[in-house]
Structure formats: C-alpha cells, structure tokens
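# Summary of the model geometry
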Amino acid sequence: MEDSKASFSVSGKSDSLIVPQKAPNKTRTTEAEMLEGRGLTKRNAHSTADGQTQSWNTITSRLMSVRRAAQKDKEAKLSSLLHHLTIPLLERSFYLLKRNSTPGIDDVSWMDYEKDLEENLLKLNRAIHTGAYKPKPARRIAIPKADGSERPISIQTIEDKIAQQAIVIILEQIYESDFLGFSYGFRPRRNQHDALDALHVGIMSKKINWILDLDIKKFFDTVDHQWLQTFLSHRIADKRVLRLITQWIKVGHQDDKGKRYRASAGVTQGAVISPLLSNVYLHYVYDLWVRQLRGRDSSGDMFVVRYADDSVLGFQNKGDVESFLVALKERMAKFGLELHTGNTRIIEFGRFAEEKRKKKGLGKPETFDFLGFTHYCGKTRKNNAFMVWRKTAKKRLNEKIKEIRRLLLRFRHKHVKETARWLSSIIQGHMNYYSVPGNGVSVAKFMDEMKRAWYKALCKRSQRKRLNWEKFGLYLEPLLPKFHVAHPYPEQRFNAKYSR
C-alpha cells in the first residue's frame, strides 16, 4: 500500500524503530531474573547507559521481527504478539508517559509508581500474561472547546497507561507498514506540520480549483466497537491482545460519586491507545476507500490529507467533489459515522479562484481552517504569483489570549522573574507551532497581547500605578523570547523529507 510522492501520499514503511531520545539512566536486571522475582534490588544511579542500550536493542530486535512479518505479507494475521510484551518493554513504556499527568481513580501518580517500579512492573506483567489483569474505569473531566461546547477527557490509571503504551509500540510495527501516506495524525515521526506541508504542496503543485473541508461528527464517541474488532482481526490473530483491547474500549468511566458507566461505542478520548485505534478504524473505513475512488472515479487532479478525524481534499473539477461527498456520506453511514454538516463544506479555492469569482461578481475566495491555521489565497510580494498563505485561526488565537489574561491576573502577585519564565515558555511554545512563513503578523499580535496583559496585571497589584509602558518595555525586553520564524517553507521541508 504505497502511494507515490506525486499524489502526496508517502508510504508508512520504515525499517527503523522509533525510540525515545532519552532513556532512563538505570541498569536493568535480566528479564529472566525479573520474571522469577530475583534481582529486584535498588539500581545504581551512577551506572552507565550500556545496560539501557543493550536492553532496548533486545526489545528492538524482537519488535523488528513483527515488522518484517507484517511487511512481508500485507494480508497476514499475526498470531503470536503478546509474548513481545516484556518487563523491559513495560519499563520503556512507563518512561514514555508524562510525569506530571493527573492520576486516575486510584490516585497513584507517576512518581508514586516509580518508588517501587520493579515490583510494580513484575506484578503488572504477571497479571497481563496470566489473564488476571483488569483495567480500571477512567476518571472523566470536561475540557471547554473553542465553539463553546465541552470535550470529555478520560484519565486512566498509571498501570492502564503503561499496558496500553506497550501494546501501542507492538502494534505500530504492524500498522505503520499498512497505513497510507496521506494519514498524518498520531503516527511516529509525523506531526501537524507534516500534514500542513503536504496540504500546501498539494494545492500549489496540482490543478486544484475546489477544496472539500471534512469533519466527522463526534468521531471518537461514535466508533462502532464491533466494526473496530473486525478491522483489528484483519491483522491480529492473537486473542489475548484482542481481549486486552476489548477490555480497554468497553471499561468506560466512573463519576465523582463512584457510579460506573460502561462504554457501548466510541474510543476513550485521553487513552494512550485511542489514537492508534482511531487510525485503524479510519484506515479501513476512509483511507483505503478514498485511494480506490481516487484512482477509479476522479476525472482530474485530486489530493487528500488526513489528520485524525479532520481531512482536507483538493479537486480539479466540481463534479468530482460533489459526487465524492455524496458517496462519502453513504460510506460513513455504513460504519456508524456522520459528517459534521456545519464544519464540512465545499469552497472554491486555488490558483484561479479569485479571477473566476470576480467574473461572477463574487467576493474574495473563501478560507478554510486546518490544524489551527486559516488558509487563504494570496500573492507573493516578489512577482505577484499565486500563493497559499496561512495565519493563526482567529477563534483559536482570541481564546488563547483570553485564557492567558485570566491566568496573569491570578499570578500578578508572584515574583516578576517567576512569571517571566512562565510567560516565556507560553510565548516560545506558541512560536514553535505558529511561527511559519507568512504568519508573522498573527504571532507578533499574540506576543504584543501577552506583554500588554502582563503589564495590566502588574498595574493591578495595588491601587497606585507604579509602572509606565516605556520602562516596562525596557525591563521586559531581555526576559521574553524574540520573534523568529520557526519553520521553513512547506515545499522545502516536504521535498527534503519525502524526496525520492
């Protein structure tokens, strides 16, 4: 299942396993000793990394056999997978988790679990392999969204996170050889900017006149469990692994009063394994179908970029995009999914969109949002040629500014240097994502708003105004990061990463 670069789909094949840059600086006992309960002594904090490297090399060699088997036969069902889940892999999975994440319903934090890590992992490994492991229901919290609604997030226990992360590492060896190139969400060595680069290159280099902006309505809440189990069984024949996944998707959550709610549909938002499961579901429901339709029914140029449940497609002919949308709605309905009518739309966009709309007496070409950026038709300054420009989505930018303003008012009595360090991390993180070529105005606006918000917060520390803007600006200059463009032009990075 390998698409060419010309169609903006890069094969998911890779002969190397993705490993974290930092490994825990600890020496491991042998796996046999751990399984027998021996060698569980305190580790030497000053030991070398030789033990780490050798242990991870052992894990890598084991997993590479899974990847080679998956690549050799794309229709093979792999029946022996759970034995790859070992204590060293569980330990590696533990150190991949966020250390400051909120504990689950058992109130065991990452730090608490690490205090007796070897014994805890020994018990977890034994429970998984003997079938005694039972996942705990998640703690449910609600996070506000930009549109005013709330997104339910489930917080799992640390042991459930470790077990899921280990299974994800194993299953990635199978599915990274299956997933198509235009799928970018939650995959190793792929991120939002890779998807944004592919979108830009697709519009600029193909004969694109129409954009189809897709959004699946409540995708994570409506995934059909029976279909998901069917899709997983296409490649996984190890019943123990399938049983684990079934337990995770059906365990549900528990409310503040201790009442349990089991899940009958959907994948848990916030679970470690959910991104992989969502990609598997959309791979069979959407990706393979789109690839087949593109090669069979499209009369002109077409490209597709998908990041999780958000997808953008480009078409040369309006008839193609209209017939595609009708067929897609029927396809989604078969698998319990529905397109979000408010966020799914067809717009005229591309090299000749402005000229065509002007002849019809219409205004400027419409814009569309994707991964936090608003994409719009523009011109280059040098030769007035067509260019797809990006700016920070207005709604997301305003929401972020309001959030930081509220926090600065809460922190106004903290030490100035402490607040400066915190605000610097906020600004730097914003630039790391949004500071792309052509988006300098939006990034500069965000930085300026942050400075003004901090100034106003400091002025409210007392009834007397002791600051003026000029002196504050001079004091502020060395404390906050300077503006810079953090990313190259999309064509440069795309061609460098996916060159033939």
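Overview of the structure.

### With respect to the nonpolar core
- Judged by nonpolar contacts, the single largest core of 78 residues is most densely connected at L171, L313 and F324.
- Not counting residues up to four positions away in its chain, the partners in contact with F324 are L212, L214, W289, V290, L293, M302, L313 and F315.
- Among the nonpolar cores identified, the runner-up in size contains 54 residues, and Y184, I211, F373 and A453 belong to it.

### Let's talk about the sheet that holds strand β9 (residues 368-370)
- What the 3 strands build is an open sheet, ordered β9-β10-β11; its pairing is antiparallel. The open sheet has two edge strands, β9 and β11 (386-392), and neither has a second partner. Shown here is a sheet whose adjacent strand axes are inclined to one another by a mean of 40 degrees, direction ignored.
- In this sheet, β11 lies alongside strand β10 (residues 373-379) in antiparallel orientation, the contact comprising 7 bridges.

### Remarks on helix α6 (residues 158-175)
- Along its 18 residues, α6 runs 25 Å from first to last C-alpha, staying within 8% of the 26 Å computed at 1.5 Å per residue.
- Of all 18 residues making up α6, 17 are buried, and the element is well covered by its neighbours.

### Regarding helix α11 (residues 274-297)
- Taking 1.5 Å of rise per residue, 24 residues should cover 34 Å, and α11 covers 32 Å from first to last C-alpha, within 8% of that figure.
- Where α11 bends most, at H283, the angle is about 50 degrees.
- Within α11, 17 of the 24 residues are buried, which leaves it mostly tucked inside the rest of the structure.

### As for the packing of aromatic side chains
- Throughout the structure, instances matching the rule amount to 26 aromatic pairs.
- Measuring from ring centre to ring centre gives 5.7 Å for Y95 and W110, while their planes differ by 75 degrees; the resulting arrangement is edge-to-face. With Y95 in helix α3 (residues 87-96) and W110 in helix α4 (residues 110-114), this residue pair connects regions lying 15 residues apart in the sequence. Residue Y95 shares its accessibility class with W110, and that shared class is buried.
- Seen in terms of ring centroids, W227 and F231 are 5.6 Å apart; in terms of plane orientation they differ by 25 degrees. Their pairing is stacked. Remark: F231 and W227 occur in helix α9 (residues 225-233); sequence separation between them is 4 residues, near one turn of the helix.
- On the basis of relative accessible area, W227 is assigned to the partly exposed category, the value being 34%.

### Notes on unusual backbone geometry
- The backbone phi angle of F186 is positive, close to 55 degrees, even though this residue is not glycine.
- Checked against the element boundaries, F186 lands in the loop between α6 and α7 (192-205).
- Taking relative accessible area as the criterion, F186 reaches 42% and is therefore assigned partly exposed.
- Located in the positive-phi region is N384, a residue other than glycine, with phi close to 60 degrees.

### Considering the environment of D160
- As for its position among the elements, D160 is in helix α6.
- The sequence separation of D160 and A271 amounts to 111 residues, and the corresponding C-alpha distance is 8.8 Å.
- Beyond its immediate sequence surroundings of up to four residues, D160 is in contact with Y133, P135 and K136.

### Considering the side chain of D309
- Locating D309 in the fold gives a position in the loop between β6 (302-307) and β7 (310-315).
- Setting aside chain neighbours within four positions, we find D309 in contact with L214, D215, I216, F219, F220 and L282.

### Things to note about the sheet that holds strand β5 (residues 260-261)
- Strand order in this open sheet of 4 strands is β2-β1-β4-β5, and the pairing throughout is mixed. Taken across any chain shown, the strands that pair with only one partner, and hence form the sheet edges, are β2 (150-155) and β5.

### Here we look at the packing of α3 against helix α5 (residues 117-130)
- At their nearest, the axes of α3 and α5 sit 10 Å apart, and the two run at 120 degrees to each other. In terms of axis orientation, α3 runs oblique to α5. For the crossing formed where α3 meets α5, the hand is right-handed. From α3, I87, L90, E91, F94 and Y95 reach across to α5, where they touch L117, L121, L122, L124 and N125.
- Residues belonging to the contact of α3 with α5 are distributed by class as follows: 8 nonpolar, 1 polar and 1 charged.

What counts and how
- Residues numbered from 1 in each chain as written.
- Predicted model: local features only at pLDDT ≥ 70, side-chain atom pairs only at ≥ 80, totals over all residues.
- Heavy atoms only, no water.
- Core = buried A, V, L, I, M, F, W, Y, C linked by side-chain atoms within 4.5 Å.
- Buried < 20%, exposed > 50% of the residue type's maximum accessible area, 1.4 Å probe, protein only.
- Contact = heavy atoms within 4.5 Å.
- Pairing = 2+ DSSP bridges.
- Helix = DSSP H or I, 4+ residues; strand = E, 2+ residues; numbered from the N terminus.
- Axes fitted to C-alpha atoms, helices over the stretch in contact; angles between N-to-C directions.
- Expected span 1.5 Å × (residues − 1).
- Bend = angle between axes of the 7 residues up to and from the residue.
- Phe/Tyr/Trp six-rings, centres within 6.5 Å; stacked < 30°, edge-to-face > 60°.
- Parallel < 35°, antiparallel > 145°, perpendicular 65-115°, else oblique.
- Left-handed = near helix turned anticlockwise from the far one by under 90°.
- Nonpolar A, V, L, I, M, F, W, Y, C, P; charged D, E, K, R; others polar.

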